[in-house]
Structures are given as structure tokens and as C-alpha cells.
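Observations on the three-dimensional arrangement
Given next are the chains, with one letter for each unit.
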Amino acid sequence: MTTLPPDEEILALKGRKIPVTEFLTFFNTRVRDDPSSLLIAQALENVGLSTVPHFANCGRTADVHIVAQESVPAAESGSGDEEEADDGLSVVALPQHAVRIGDIPAATQGIASVTSRHLLADAIHLMQAMNYSQLPVLDDHYTLRGVVTWQSATQMYGTSVDKVLLNAMVDDPPVAEAHQDFFSLLPLISEYGYLLIRGNDGRFTGIVTTADITERFAATAWPFFVVGEIEFRLRKCLGAKIGSDAILAVQRTGPGKKSGLITDLMFGGYVKLLNGDQHHPALRTQADENWRCLGWSWVSRSQFVQQLGRVQQIRNKIAHFDPEPLSPSLSDDLRQFVGLLRQLT
């Protein structure tokens, strides 16, 4: 668990340029996993600091310059409204490349198989023991002879042909290259129930099934829906108690951007509305008044704001279409916070 130094010690870093490894050591960690990065980013934001380049995604041998948050260009900022475009999404909230079938973990996790020299009983036993619905027949990592499925085996037993491995195979199974577009292959997976994946070197590297697709989409889509519910409930409870002047104070400047409406507020604005420890003194004072207006006497303000900041960081992470699903700890953060908001609203 990353241990945060006192705010005064963090603020003393301002203006320094140090190796990112030394920067991480200052926060008592050597890794940049999701929980550690989120805690460090929030600690920096609390004292009005950031790093250039951003500590979470620069090279391991890079130096980071600790600077005032307002001096960081939008493209360098690690969180907050500076990264959000006019539509309320991150400026990079679109996939940076096409989603490929090779992005599905099962496509590269290896593939169990038998060779054409095996007996049919060997293939059936392996399918039963491992609960497989299909089993490739590969004479090496590159040469595909076919695929045994329960359907193909059943069809063979309904005929008079010899009951051997060759007659139990699907001769022309669906195959895709790892670099092929994911969405264009969905109809093929839906039709056959599986898809054999070949890597760029010609080796078969995995098999993607409809179950893999379902699992992956569940892990990927769930955070979007939960963050959406969190934002809806925040707008409902904050908008009912906090006036337009307070909202105007935290909205971005620029033509057409300051409406005083909670529905036009970006996610970082929710944090600024309530954060009593933020760098800007006028916003700190206003945040104190905003919290009093909410009347949540039984809620710990510091913990609420800390959780809200973590949700903001998670929102930015999923808006970047990170290929990795959320870690269990980040998923728990979302569950806990949405559960709290359900009680409040």
C-alpha cells in the first residue's frame, strides 16, 4: 500500500526535477499500478501540483519536473478538467487504434490441442476433463488439420464412417489473424461459437469463444455504466442544494462554457465544488459553504471527497479505453461510492 507523505513535504517538491524512480520512492512505492498512481495523482492535485511528463506513463529512466498544476499543458495533465474536451469527455476519449481480436486475452493465452496421430479417445477425454467445447488438431504450432467439437463428434457417430479422429473433425474451422479488426469478426464468432487465432509469426496462439467475448464485455462495459450512474446521482444531489453562482465559480472559462447549470459541469468540477483542501483559497471557502448546504452531517467530508477524486481518476482511465480491465480494488472503489450515493439520493 502506497504511504502518502504530509502535504507540506509534497509541496516542497515544487520546482524540483528528479528521476521518476526517486519520485516514486518519495511516495514509498516502486511500482506504478492503478492504486498507487491514483493515490499519488490525487495527493499532488490536493496541493496544486503535477508532473511533466506525467509520472504514471513516462519511461522508467525519465526525469519528472514537479510543477504547479495550472502551468501544465492540457495534453500533459494527468487528471481533472484540463483533460476534458467541450463535450465533457477526455480529449483522448476515443480509441487510439482499432480494437483487434488479439486484444482479447484468450487470443494470446495459448491453445490446448492434439495432433493428427492421437486417437479419437484422447481428444474426447481431454475435452471432457478440461470442459472444452472444441479442440484443435495441430501437428505443430503452425499446421492446423481441423477442430473436434461435440457437434462434429456427435454427427460422426450418427453415420457409418470409421470412428477415428479424422472423421470427427471440422475440416474448415474459423481462423483469424491477431491483427484483424475485432468487431468485423463478431459475426463469425457468433456463427461458430469460437475462433482460432494465429499470431503475426503464423503460430496459433489462442482460441476466442463466445464466453470470452461475454466476459470481456462485462468487465469493460460495467465501469462505464457505473460511472454514468455516479455522475447522474451527483448531479441530482448537488444540483438540488448548490446554487448557480457556486457552479459558475468552478466552470471552465470561455465562450458558451459558463452556464451555472450542474448538467454542464465536468467531472473535475464536482471535486472542486466540495474539496476543502484544494489549492485555490476562494474555491476552498466556497467548497465549505457548498458542503454545509448539502446537510450531510453523517458523511465524512474528507473521505467523500477522497472517494470522489478516485472516481474522477478511474473515469479518466476508462475514458482512455485502457485495454486492461479495472483492477479489483478500483472496481471496489466504484461499488462503494455508487452505494453511498444511492443512500444519499
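In this report, we go over the structure that sits alongside the text.

Reading the values: rules and limits
Residues numbered from 1 in each chain as written. Predicted model: local features only at pLDDT ≥ 70, side-chain atom pairs only at ≥ 80, totals over all residues. Heavy atoms only, no water. Pairing = 2+ DSSP bridges. Helix = DSSP H or I, 4+ residues; strand = E, 2+ residues; numbered from the N terminus. Axes fitted to C-alpha atoms, helices over the stretch in contact; angles between N-to-C directions. Contact = heavy atoms within 4.5 Å. Phe/Tyr/Trp six-rings, centres within 6.5 Å; stacked < 30°, edge-to-face > 60°. Buried < 20%, exposed > 50% of the residue type's maximum accessible area, 1.4 Å probe, protein only. Lys NZ or Arg CZ within 6 Å of the ring centre and 35° of its normal. Polar contact = N/O pair within 3.5 Å; in protein donor to acceptor, adjacent residues only side chain to side chain. Patch = residues over 30% accessible without salt bridge, like charges linked within 9 Å, V, L, I, M, F, W, Y side chains within 5 Å. Areas by Shrake-Rupley, 256 points an atom, 1.4 Å probe, with all protein chains shown as cover. Salt bridge = Lys/Arg side-chain N within 4 Å of Asp/Glu carboxyl O. Lys, Arg positive; Asp, Glu negative; His and termini not counted. Charge placed at Lys NZ, Arg CZ, Asp CG, Glu CD. Parallel < 35°, antiparallel > 145°, perpendicular 65-115°, else oblique. Left-handed = near helix turned anticlockwise from the far one by under 90°. Nonpolar A, V, L, I, M, F, W, Y, C, P; charged D, E, K, R; others polar.

Read across the sheet, three strands follow the order 7-8-9 without closing on themselves; strand pairing throughout is mixed. A single partner strand is all that each edge strand has here, and the edge strands are strand 7 (175–177) and strand 9 (204–209). Neighbour-to-neighbour, the strand axes of the sheet open up by a mean angle of 30°, direction not taken into account. Packing of helix 6 (residues 182–192) onto the sheet brings it into contact with strand 7, strand 8 (194–198) and strand 9, and relative to strand 8 it is tilted by some 125°.

What follows is about the packing of aromatic side chains. Summed over the entire model, instances satisfying the criterion amount to nine aromatic pairs. Ring geometry for F26 against F27: centres 5.1 Å apart, planes inclined by 85°, an arrangement best described as edge-to-face. Exposure remark for F27: the relative accessible area of 0% places this residue in the buried category. Aromatic side chains F182 and F183 sit 5.0 Å apart centroid to centroid with 75° between the ring planes, which places their arrangement in the edge-to-face category. A relative accessible area of 2% means that F182 is categorised as buried. By way of ring pairs, the aromatic residues F23, F26, F27 and F55 are connected into one cluster. Over the ring of W222 we find R335; its NZ or CZ atom is 4.6 Å from the centre of that ring.

Another point: unusual backbone geometry. Between V52 and P53 the backbone carries a cis peptide bond, its omega angle lying at -5°. Relative to the helices and strands, P53 is located in the loop between strand 2 (49–52) and strand 3 (63–68). Within the chain, N28 stands out as a residue other than glycine whose phi angle is a positive 60°. Along the polypeptide, N28 turns up in the loop between helix 2 (20–26) and helix 3 (34–46). Of note in the backbone geometry, N131 takes a positive phi value of approximately 60° without being a glycine.

For the rest of this paragraph, the subject is the environment of R145. Take R145: it is sitting in strand 5 (residues 144–149). Sequence-wise, R145 and V170 are 25 residues apart; in three dimensions their C-alpha atoms are separated by 8.8 Å. Here the side chain of R145 touches D139 through a polar contact of 2.5 Å, side chain to side chain.

What follows concerns a negative patch on the surface. Negative charge collects at one region of the surface, where D7, E8, E9 and D277 lie side by side. Note on placement: D277 falls in the loop between helix 9 (267–274) and helix 10 (281–294).

Another aspect to go through is the environment of F26. Inspection of the secondary structure puts F26 in helix 2. The spatial distance from the C-alpha of F26 to the C-alpha of I10 is 8.8 Å, given a sequence separation of 16 residues.

This part is about the packing of helix 7 (residues 210–241) against helix 9. Their axes nearest at 11 Å, the elements helix 7 and helix 9 cross at an angle of 40°. Comparing their axes, helix 9 and helix 7 come out oblique. In this structure, helix 7 crosses over helix 9, and the sense of that crossing is left-handed. Counting all contacts with helix 7, which are made through I230, E231, L234, R235 and L238, the residues of helix 9 involved are F267, Y270, L273 and L274. Classifying every residue of the contact of helix 7 with helix 9 by side-chain character gives seven nonpolar, no polar and two charged.

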